[in-house]
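Residues per chain, in single letters:
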Protein chains: 2
Amino acid sequence: MSETDNSPARRSIGATRNPASQEAILAAAEAVLLENGLNGFSIEAVAKRARAGKPTIYRWWPSQAALLLDVYHSRKHINFIFPDTGNVRDDLRSYLSGLLKTWREHTSGAVFRSLVAKAQGEPAALAALSAYMADRRAQSGEIIRMAQARGEVRADADPELMTEILASFAWGRLLTDRLEVSDKDIDAVVDAVLTGIAANPSA
Amino acid sequence: MSETDNSPARRSIGATRNPASQEAILAAAEAVLLENGLNGFSIEAVAKRARAGKPTIYRWWPSQAALLLDVYHSRKHINFIFPDTGNVRDDLRSYLSGLLKTWREHTSGAVFRSLVAKAQGEPAALAALSAYMADRRAQSGEIIRMAQARGEVRADADPELMTEILASFAWGRLLTDRLEVSDKDIDAVVDAVLTGIAANPSA
């Protein structure tokens, strides 16, 4: 790692965000969170593990939440979550099952649970999570917008509100540790949003 | 308060769960949570405020989560949340808007957020929350079961899974501090579940 190249006048190591040390800090943050839990998570422990200075970490990430959000985002399998199969039912199935599967099989579930928990007590964490979620809603809404362009979904449906229904269902499962959802139940949730459960939908 | 009547042989005050002191402890727990936040919440602070002994509180509530769950449950406007209007659309609208409104206008929203946050780091809190939610799903599912009995909803719809979709949406709004939801959006969410958003529902 050569952190000194770009800024000869700076006063301490780490003023420039260096990809290698950034990754070392993200990996350390993930390890500390998974080993110590949220209550035992601290920038001090991350700094020690990554052999970085606390000021360096705080310079790059203004809060614990910002750091955890970066851990989450860098570890998640983004492409799996925003599918484009050309068919809205398959896209939504894939979106919901991908979210559940990613949270179940990777450390990202534990990291995201911690972030949501943190956001309930810390305004900075809530602000970071809210900004992130607004961005995610815009992205996932694209599934519905594409379906509207193909004529599969009614033009008056609110794209972001509709995918929020599915994402919220996954949040509820994550936060109550019930991420094992059968394909039948995933289909039932997706089909409810797409075609409804009313005996006579036109009533 | 006469706490001594029922158990002459007990060794300390409070072995019998007395309604008046129980209420005093619930009120103290609520006040401590709202004033100190979750990070400043402790059984010690509750005991001091309620002028009760810590052992008494622990005898009645095995964990902070159990105590907070009782605060939540005792403060929520239950009847408002499980409506029975005779029409499934009105019932579901009332269920979702009631949940959002209760969390927005009463302290129960802050208490429930704290409970969900606690459940992410404490197995005892998660177990208490999970048991509570299983019970709530059984109750809210009744809205769909009644609608199925009236022939309004298809017999193959899973009642608890369907109301879970709406409750999870409300959770997502609570946990990201976006509880102000327009009637239009409430209707859009309910109507998605009831009649779907597909351009051609029978496709």
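Residues numbered from 1 in each chain as written. Chains lettered and ligands numbered in written order. Predicted model: local features only at pLDDT ≥ 70, side-chain atom pairs only at ≥ 80, totals over all residues. Heavy atoms only, no water.

**Student:** Please give an account of the relation of the copies chain B and chain A that cites residues and values.
**Tutor:** Superposition of chain B onto chain A requires a rotation of 180 degrees combined with a translation of 0.0 Å along the rotation axis, giving an RMSD of 0.0 Å. The transformation just described matches what one would write down for a two-fold rotation axis. Mapped onto chain A, 100% of the interface residues of chain B are again interface residues, and the two copies thus contact each other with one and the same surface. (Least-squares fit on C-alpha atoms with pLDDT ≥ 70 in both. Contact = heavy atoms within 4.5 Å.)

**Student:** Could you give me a rundown of the UniProt feature "DNA-binding region" (unreviewed entry) in chain A, with the residues and numbers involved?
**Tutor:** UniProt's feature table lists "DNA-binding region" (unreviewed entry) at residues 42-61 of chain A, given in the numbering used throughout. Taken end to end, residues 42-61 of chain A is 75% helix and 0% strand, and its two terminal C-alpha atoms sit 13 Å from one another. (UniProt positions renumbered as here; feature names shortened; annotations may be inferred. Helix = DSSP H or I, 4+ residues; strand = E, 2+ residues; numbered from the N terminus.)

**Student:** How would you explain the layout of surface pockets if you had to name every residue and give the values?
**Tutor:** A volume near 660 Å³ is recorded for the largest pocket. Lining the largest pocket we find 29 residues, and of these L38, N39 and A117 of chain A together with A117 and G121 of chain B sit closest to its centre. Residue assignment for the lining of the largest pocket shows that the elements contributing at least two residues are α1 (19-36), α6 (88-105) and α7 (108-119) of chain A together with α7 (108-119) of chain B. The leading source of residues in the lining of the largest pocket is α7 of chain A, at 6 residues. (1 Å grid on protein atoms, 1.4 Å probe; cavity = no way out; pocket = protein on both sides within 12 Å on 5 of 7 lines; lining within 4 Å. Points joined across faces, edges and corners; volume = space filled by probe spheres on them.)

**Student:** How would you sum up the packing of helix α9 (residues 159-175) of chain A against helix α10 (residues 183-195) of chain B? Please name residues and give values.
**Tutor:** Orientation of α9 of chain A relative to α10 of chain B, taken along the N-to-C sense of each, is 60 degrees, at an axis distance of 11 Å. Taken together, the axes of α9 of chain A and α10 of chain B lie oblique to each other. Like other packed secondary-structure pairs, α9 of chain A and α10 of chain B cross with a definite hand, here right-handed. Contacts between α9 of chain A and α10 of chain B involve L161, M162 and I165 of chain A on the former and, on the latter, D185, A188, V189 and A192 of chain B. (Axes fitted to C-alpha atoms, helices over the stretch in contact; angles between N-to-C directions. Parallel < 35°, antiparallel > 145°, perpendicular 65-115°, else oblique. Left-handed = near helix turned anticlockwise from the far one by under 90°.)

**Student:** Residue-level account of the interface of chain B and chain A, with values.
**Tutor:** Chain B puts 43 residues into the contact, and the matching count from chain A is 43 residues. When the two sides are added together, the surface that chain B and chain A hide from each other amounts to roughly 3,900 Å², 60% of it contributed by carbon and sulfur. Inspection of the region where chain B meets chain A yields 4 salt bridges. For the salt bridge of E164 of chain B with R178 of chain A, the shortest nitrogen-to-oxygen distance reads 3.0 Å. The interface formed by chain B and chain A contains 20 residue pairs in polar contact (both at pLDDT 80 or more). At the level of elements, α7, α8 (123-149), α9 (159-175) and α10 of chain B are the ones that each hand at least two residues to the side of chain B that touches chain A. A total of 11 residues in the side of chain B that touches chain A trace back to one element, the largest contributor, which is α9 of chain B. In terms of residue class, the side of chain B that touches chain A is made up of 24 nonpolar, 8 polar and 11 charged. (Buried area = accessible area lost by both parts, 1.4 Å probe. Salt bridge = Lys/Arg side-chain N within 4 Å of Asp/Glu carboxyl O. Polar contact = N/O pair within 3.5 Å; in protein donor to acceptor, adjacent residues only side chain to side chain. Nonpolar A, V, L, I, M, F, W, Y, C, P; charged D, E, K, R; others polar.)

**Student:** Please provide a residue-by-residue account of unusual backbone geometry, values included.
**Tutor:** All names here are of chain A. Not every positive phi belongs to a glycine, and R51 is a case in point at roughly 55 degrees. If you trace the backbone, R51 turns up in the loop between α2 (43-50) and α3 (54-60). Overall, the relative accessible area of 80% leaves R51 in the exposed class. (Buried < 20%, exposed > 50% of the residue type's maximum accessible area, 1.4 Å probe, protein only.)

**Student:** If you had to explain the packing of aromatic side chains to someone new, which residues and values would you point to?
**Tutor:** Each aromatic ring pair is described using two quantities: the centre-to-centre distance and the angle formed by the ring planes. For the coordinates displayed, the defined rule picks out 10 aromatic pairs over all chains. Seen from their ring centres, W103 of chain A and F112 of chain A are 5.3 Å apart, and the 15 degrees between their planes marks the pair as stacked. Assessed through its relative accessible area of 1%, F112 of chain A is described here as buried. Measuring from ring centre to ring centre gives 5.8 Å for W60 of chain B and W61 of chain B, while their planes differ by 70 degrees; the resulting arrangement is edge-to-face. (Phe/Tyr/Trp six-rings, centres within 6.5 Å; stacked < 30°, edge-to-face > 60°.)

**Student:** How would you explain the confidence of the model for chain A if you had to name every residue and give the values?
**Tutor:** For chain A, the average pLDDT comes to 87, and 87% of its residues sit at 70 or higher. Throughout residues 1-13 of chain A the model reports pLDDT below 50, and contacts reaching past four residues in sequence, or to other chains, amount to 18 contacts. (pLDDT = per-residue confidence, 0-100.)

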